[in-house]
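What follows is each chain in one-letter form.
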Amino acid sequence: MTFLDSLMAGLSLVSNLEVFLALGLGVAIGVIAGAIPGMSATMAVALTLPFTFSMQPVTGILLLLGVYKGGIFGGSIPAILIKTPGTPASSATVMDGYPMAERGEAGRALGMALWASCTADLVSNLSLILFAGWLASFALNFGPPEFFTLILFSLTIIAGVSGESLLRGAFSALLGLLLATVGLDLIYGTNRFTFGDPNMMGGLNFIAVLIGLFAIPEVLAMAWHPTGHLGKTRSLGKNKVTFADYKKSFRSILRGSFIGVFLGSIPGIGAAPAAFLSYSEARRKSPNKANFGKGEVEGVAAAEAGNNGVAGATLIPLLALGVPGDVITAIIIGAFMVHGLQPGPMMFVVNVDLIYGLFIGLIVSSVFLLVIGSAAIRGFKYVADIPRRILIPTVLILSIYGVFAVNNSVFDIGVMLVMGWVGYLMMRMHIPAPPFLIAFILGPLLEDNFRQAMLMSGGSPVILFRGPITWFFWGLTAITLYAILRTGLRGPKPPDSDAVASPAKN
Amino acid sequence: MDNRQLQIRLGLGAIALSLFLILIAIPNWVSVPSNVPHIVLSPVFWPYTLAGLMGLTGLGLVATGMSQTAGGPPLNEQIEDEKQGYLRLAAIAVIMVVAMAIMAKLGMVWTSMLMFMATVLVLKTRYPIAAFICAVAIPLVLYAFFAHVAGLAIPQGDFVRLP
């Protein structure tokens, strides 16, 4: 199939109103959810996921991708207006966005955040289109030993999402890996921690575990401290972003976009480091460097370009290798699985129309983000007015229906509620939840590929070093582990700098 | 609880969990067929490996905790009345247990409405009328979507059944 054939197949898949409505709705949901502090993009994607089950695969996945992209931008709105990043990725935006808002230039800061986000989003999507296919064709040569080493390397993602303590991240990941062993054994079909209950034989439902970990702890945290969220909002001001502002910041936006693309294509790094790196590079190169941190519009542009540049690029390892680049793409894998699709190199052979349909949808999502983001900036006042003590019970009910919808199973609702308490306990004990989820997803793949490799070799571990690809991933894993051990085992890091108010939990 | 205490407690918890898995859980609750040719292919190999790593992580947590100085700032935000906080958490736990227990009898929609209202009562909203409207409307809208658009069989219960 030529590129043009693939493109036409993709176009025929997405050229209907339902797809574009879903995409637009997704962006709107994402922007609104990202704009509500405490209602992170991760939670929004998790709660939207069950609504996609009855949709066509391309429609449902584009809806989720819309939520993802909208959520990353939406996080900048409270970051600028109330110094509370809606997502961790927006933490860098606070540094110049909030001082601008204090000067009465919130509208200008938000406008620049939107333009920078859309530009970076477009760059990121184009990179995805260029690189994912190439990487997938390379990955077609992978067998179980290669996949085992790849997934082992991917587990080093955990270092990037462990937060303040790497060892606590490792503890969380091991809990996730252990929970993933529940169910029938992959080779012999014998019971593992099922206690004879048929509901447990297929393993614990992924959606129930993830919604339990990410949504329910917010309900419990609200019960613990119902007035902890009360804060103040501010008006947008009269200043708007101008083309001159955009032109002045364009180099920083482009640089930030490429930083985001590069870091986003490596599993586990995520949007927050990209935003900070882009911000620091912009400050280093800018003639107005003295103004950074005091309300420089270029600082807002760089931070937003960095974090939005990641959004499309995290889909490169997801689509090409079947490895999630961050927590949100880990959830999006769930959508693929529910529709009977397995992201990875074979998808570029078997479902090429879907891949190109997604590419087209992603390009269109940048335009939707521009339109819906502009409206959201004006409408944020109303979004912020939703009382949290009504919003949180709504999240609880949405979670119940969403989890039930996966398998028509009340048992799954019970799993979700129990995992909610586990997630809350982890939150109180400062054990990060993302490593748990990533390990829960990658655990069965890791074990499955390991045991398949062992079956192939008759139990000899030499097969895990059989060629340049396995050596390449062993090398990457060793280098990453060395870097982690050198910097990460010194216990919890000191609290973040004063510039950033406590970010919303991811 | 400061960072040091938390790190040590987590470490001890991880070691205890590791020992529990190795000594009790895996031998009792993982079935092993008799014809496994290699230990690496056994269904218990992976759980034992993870349990061992859990023990090592626990030791690491204890060691890093011991190396820190005691008396740092408390990790979690303090609230005015902790006792009330625990009572509210207990109330939410009761709501969840009761909801699970009555869902089969009452159906998901009515249970969700009651659950919403009970949660709102625990959280003491300042907008009771809006909360009541949401408590009724949201489960109905979700029912309409999942039952009539997605075609799911939402549990209806033994009493009032929805179309």
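Computed from a predicted structure; not experimentally measured. (Residues numbered from 1 in each chain as written. Chains lettered and ligands numbered in written order. Predicted model: local features only at pLDDT ≥ 70, side-chain atom pairs only at ≥ 80, totals over all residues. Heavy atoms only, no water.)

1. Considerations on the overall build of chain B
Threshold: Secondary structure counts use DSSP, requiring at least four H or I residues in a row for a helix and at least two E residues in a row for a strand, with both numbered from the N terminus. Here the globule rule is a power law, 2.2 Å times the number of residues to the power 0.38, and the radius of gyration is based on C-alpha atoms. Exposure is judged per residue with a 1.4 Å probe applied to protein chains only, and the accessible area is read against the type maximum: over 50% gives exposed, under 20% gives buried, and values in between give partly exposed. Contacts between residues were defined by any pair of non-hydrogen atoms, one from each residue, lying within 4.5 Å. Here the open area of atoms and residues is found with the Shrake-Rupley method and a 1.4 Å probe, where only the protein chains shown may cover a residue. Asp and Glu are treated as the negative residues and Lys and Arg as the positive ones, with His and the ends of the chain left uncounted. Taken as the charge location is NZ of Lys, CZ of Arg, CG of Asp or CD of Glu.
Summing up its helical and strand segments, chain B has five helices and zero strands in all. What you see in chain B, going N to C, is helices and strands ordered as α-α-α-α-α. For 163 residues, the compact-globule formula gives about 15 Å, and the C-alpha radius of gyration of chain B, at 24 Å, lies well above that figure. Summarising its shape, the C-alpha atoms of chain B cover approximately 55 × 55 × 25 Å along the three principal directions. In chain B, which comprises 163 residues, the share counted as buried stands at 41%. Considering only contacts within chain B whose residues lie at least 6 apart along the sequence, 60% involve residues at least 24 apart. Of the roughly 8700 Å² that chain B leaves accessible, carbon and sulfur atoms contribute 70%. Placing the 8 positive and 6 negative side-chain charges of chain B at their respective mean positions leaves the two points 7 Å apart.

2. Comments concerning the pattern of salt bridges
All names here are of chain A. Selection criterion: In the sections that follow, a salt bridge refers to a side-chain nitrogen of Lys or Arg positioned within 4 Å of a carboxyl oxygen of Asp or Glu.
One pass over the structure, following the stated rule, counts twelve salt bridges over all chains. Note that Lys 248 and Glu 296 form a salt bridge whose closest N and O atoms lie 3.3 Å from each other. Highlighted residues: Lys 248 in helix H14 (residues 243-264) and Glu 296 in the loop between helix H15 (271-285) and helix H16 (297-313), separated in sequence by 48 residues. Take Glu 296: its relative accessible area is 3%, and that puts it in the buried class. The salt bridge partner of Lys 285 is Glu 281, with a shortest N-O separation of 3.6 Å.

3. A look at the UniProt feature "transmembrane region" (unreviewed entry) in chain B
Residue and element names in this part refer to chain B. The condition is simple: UniProt positions are given in the numbering used here, feature names are shortened, and annotations may be inferred rather than shown by experiment.
The feature "transmembrane region" (unreviewed entry), as given by UniProt, occupies residues 12-32, 44-65, 86-109 and 129-154 in the numbering adopted here. For residues 12-32, helix accounts for 86% and strand for 0%, while the C-alpha atoms at its two ends are 29 Å apart. Between the end C-alpha atoms of residues 44-65 there is a gap of 31 Å, over a span that is 95% helix and 0% strand.

4. Thoughts on the packing of helix H22 (residues 410-428) of chain A against helix H3 (residues 82-106) of chain B
In plain terms, the rule: Axes here refer to lines fitted to C-alpha atoms; in helices the fit is confined to the stretch in contact. Angles between the N-to-C directions go from 0 to 180 degrees. Should an angle fall under 35 degrees it is called roughly parallel, over 145 degrees roughly antiparallel, and 65 to 115 degrees roughly perpendicular, with every other angle called oblique. Ten residues, namely Ala, Val, Leu, Ile, Met, Phe, Trp, Tyr, Cys and Pro, are considered nonpolar, four, namely Asp, Glu, Lys and Arg, are considered charged, and the remaining ones, Gly among them, are considered polar.
H3 of chain B packs onto H22 of chain A with a crossing angle of 170 degrees between their chain directions and a minimal axis gap of 10 Å. As far as their axial angle goes, H3 of chain B and H22 of chain A are roughly antiparallel. Contacts between H22 of chain A and H3 of chain B involve Val 410, Ile 413, Gly 414, Leu 417, Trp 421 and Tyr 424 of chain A on the former and, on the latter, Leu 89, Ala 93, Met 96, Met 100 and Met 103 of chain B. Of the residues that constitute the contact of H22 of chain A with H3 of chain B, the class distribution is ten nonpolar, one polar and no charged.

5. Examining the UniProt feature "domain: DUF1468" (unreviewed entry) in chain B
The residues that UniProt annotates with the feature "domain: DUF1468" (unreviewed entry) are residues 17-155 of chain B. A helix fraction of 71% and a strand fraction of 0% characterise residues 17-155 of chain B, whose end C-alpha atoms lie 37 Å from each other.

6. Observations regarding the confidence of the model for chain B
Heads up, the condition is: The predictor attaches a confidence to each residue, called pLDDT, with possible values from 0 through 100.
Scored by pLDDT, chain B comes out at a mean of 90, with 100% of its residues at no less than 70. Helix H5 (residues 128-149) of chain B is the least confidently modelled element of chain B, averaging 90 in pLDDT, while helix H4 (residues 108-123) of chain B averages 94, the highest of any element.

7. Things to note about the domain arrangement of chain B
Our working definition: Those domain boundaries reflect an automatic or database domain assignment.
Once the domains are mapped, chain B shows domain 1 (3-67) and domain 2 (82-149). Taken over C-alpha atoms, the centre of domain 1 of chain B sits 38 Å from the centre of domain 2 of chain B.

8. So, the side chain of Ser 112 of chain B
As for its placement among the helices and strands, Ser 112 of chain B is situated in helix H4. The class for Ser 112 of chain B is buried, based on a relative accessible area of 2%. Beyond its immediate stretch of four places on either side in the chain, Ser 112 of chain B contacts Ile 397 and Tyr 401 of chain A together with Pro 139 of chain B.

9. Let's talk about the packing of helix H10 (residues 166-179) of chain A against helix H1 (residues 3-29) of chain B
In plain terms, the rule: By definition, any crossing whose near helix is turned counterclockwise from its far helix by less than a right angle is left-handed, and any crossing with a clockwise turn is right-handed.
Interaxial distance between H10 of chain A and H1 of chain B falls to 11 Å at its minimum, and their mutual angle equals 30 degrees. Compared by their axis directions, H10 of chain A and H1 of chain B come out roughly parallel. In this structure, the crossing between H10 of chain A and H1 of chain B has a hand that is left-handed. In this structure, H10 of chain A uses Arg 168, Phe 171, Leu 175 and Leu 178 of chain A to contact H1 of chain B, whose residues at the interface are Asn 3, Leu 6, Gln 7, Leu 10, Ala 14, Leu 17 and Leu 21 of chain B.

10. Some thoughts on unusual backbone geometry
Although it is not a glycine, Phe 193 of chain A adopts a positive phi angle of roughly 55 degrees. Position of Phe 193 of chain A among the secondary structure elements: in the loop between strand E2 (191-192) and helix H11 (198-201).

11. Notes on the environment of Phe 214 of chain A
With respect to the helices and strands, Phe 214 of chain A occurs in helix H12 (residues 206-214). Measuring from C-alpha to C-alpha, the distance between Phe 214 of chain A and Ala 92 of chain A comes to 23 Å, with 122 residues separating the pair along the chain.

12. Quick notes on the nonpolar core
Filter applied, for reference: In this text, buried Ala, Val, Leu, Ile, Met, Phe, Trp, Tyr and Cys residues form a nonpolar core when linked through side-chain atoms within 4.5 Å.
Among the nonpolar cores identified, the biggest contains 166 residues, and Phe 336 of chain A together with Ile 154 of chain B are the most heavily contacted of them. Sorting elements by how many residues they give to this core places helix H23 (residues 433-457) of chain A first, with twelve residues. Lining this core are residues from two domains, each supplying at least three of them: domain 1 (3-67) and domain 2 (82-149) of chain B. Look past the residues within four positions of Ile 154 of chain B in its chain and what remains in contact with it is Tyr 401 and Phe 404 of chain A together with Met 108, Val 109, Tyr 143, Phe 146 and Ala 147 of chain B. Core analysis: the next-biggest nonpolar cluster, separate from the first, contains 27 residues, Val 27, Phe 73, Ile 80 and Met 100 of chain A among them.

13. Structural notes on the interface of chain B and chain A
Let me state the cut-off plainly: When two components associate, each loses some accessible surface as probed by a 1.4 Å sphere; the sum of these losses over both components is called the buried area. We call two N or O atoms a polar contact when they sit within 3.5 Å, provided that within protein one can donate a hydrogen and the other can accept it, with sequence-adjacent residues counted only if both atoms are side-chain atoms.
The interface is formed by 73 residues belonging to chain B together with 67 residues belonging to chain A. Here chain B and chain A share an interface that buries about 6300 Å² over both sides, 78% of which is from carbon and sulfur atoms. By the criterion of area lost to chain A, the three top residues of chain B are Leu 41, Trp 46 and Leu 123 of chain B, representing 12% of everything that side buries. Across the chain B-chain A interface, the total number found is 13 residue pairs in polar contact (both at pLDDT 80 or more). Of all elements in the fold, only H1, helix H2 (45-67), H3, H4 and H5 of chain B reach the threshold of two or more residues within the side of chain B that touches chain A. Split into classes, the residues belonging to the side of chain B that touches chain A amount to 53 nonpolar, 15 polar and five charged.

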